[in-house]
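Below are the chains, spelled out letter by letter.
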Amino acid sequence: MIKIYRTAIETDRAFIHFDNIQHLSWSKHQEDYEVKVYSNAGYILQIVSEKQFNELLNMYKMYKGV
């Protein structure tokens with residue numbers, strides 16, 4: 001489960017504001033993406049659909065002004 005907000009995400013294990021994300025990494029596995037969200041506390045591993053991945057990446061880029 002992942003919920004993507006305008007300035008944060010909620011995963012199965014954590015809620016993290018975009019300000020606290022140091023970087024994102026991902027790899028595609030068939031239809032899904034394995035996403036790692038890194039912060040100063042380590043990383044959160046989450047499996048998401050391609051639609052969720054694109055939504056997350058777009059919201060994060062918009063928040064960061066990229």
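Residues numbered from 1 in each chain as written. Predicted model: local features only at pLDDT ≥ 70, side-chain atom pairs only at ≥ 80, totals over all residues. Heavy atoms only, no water.

Asker: Outline the packing of aromatic side chains, supporting the account with residue identities and numerical values.
Answerer: All told, the structure shown has six aromatic pairs when counted by the stated rule. Taking the centre distance of 5.3 Å and the plane angle of 80° together, the rings of F18 and Y60 count as edge-to-face. Taken together, the residues F18 in the loop between β3 (15-17) and β4 (23-29) and Y60 in helix α1 (residues 50-64) connect sequence positions 42 residues apart. Residue F18 shares its accessibility class with Y60, and that shared class is buried. Among the aromatic residues, those joined into a ring-pair cluster are F18, Y60 and Y63. Seen from the ring of Y43, K36 lies directly overhead, with NZ or CZ sitting 4.8 Å from the centre. (Phe/Tyr/Trp six-rings, centres within 6.5 Å; stacked < 30°, edge-to-face > 60°. Helix = DSSP H or I, 4+ residues; strand = E, 2+ residues; numbered from the N terminus. Buried < 20%, exposed > 50% of the residue type's maximum accessible area, 1.4 Å probe, protein only. Lys NZ or Arg CZ within 6 Å of the ring centre and 35° of its normal.)

Asker: Could you give me a rundown of unusual backbone geometry, with the residues and numbers involved?
Answerer: One non-glycine residue, Q30, lies in positive phi territory at about 60°. Its location among the elements puts Q30 in the loop between β4 and β5 (32-39). Q30 gets classed as exposed once you look at its relative accessible area, which sits at 73%.

Asker: Tell me about the environment of I21, residues and numbers included.
Answerer: Here I21 is to be found in the loop between β3 and β4. You can call I21 buried: its relative accessible area is 6%. Put simply, I21 and E34 are 13 residues apart on the chain and 16 Å apart in space, counted from C-alpha to C-alpha. Setting aside chain neighbours within four positions, we find I21 in contact with I16, V37, Y38 and Y60. (Contact = heavy atoms within 4.5 Å.)

Asker: How would you explain the pairing of β4 if you had to name every residue and give the values?
Answerer: As judged from the seven bridges shared by β4 and β5, these two strands associate in the antiparallel manner. Note on β5: the bridge partner recorded for S27 is E34. Between β4 and β5, which pair antiparallel and follow one another directly, the connecting turn spans two residues, one of which, Q30, has a positive phi of 60°. (Pairing = 2+ DSSP bridges.)

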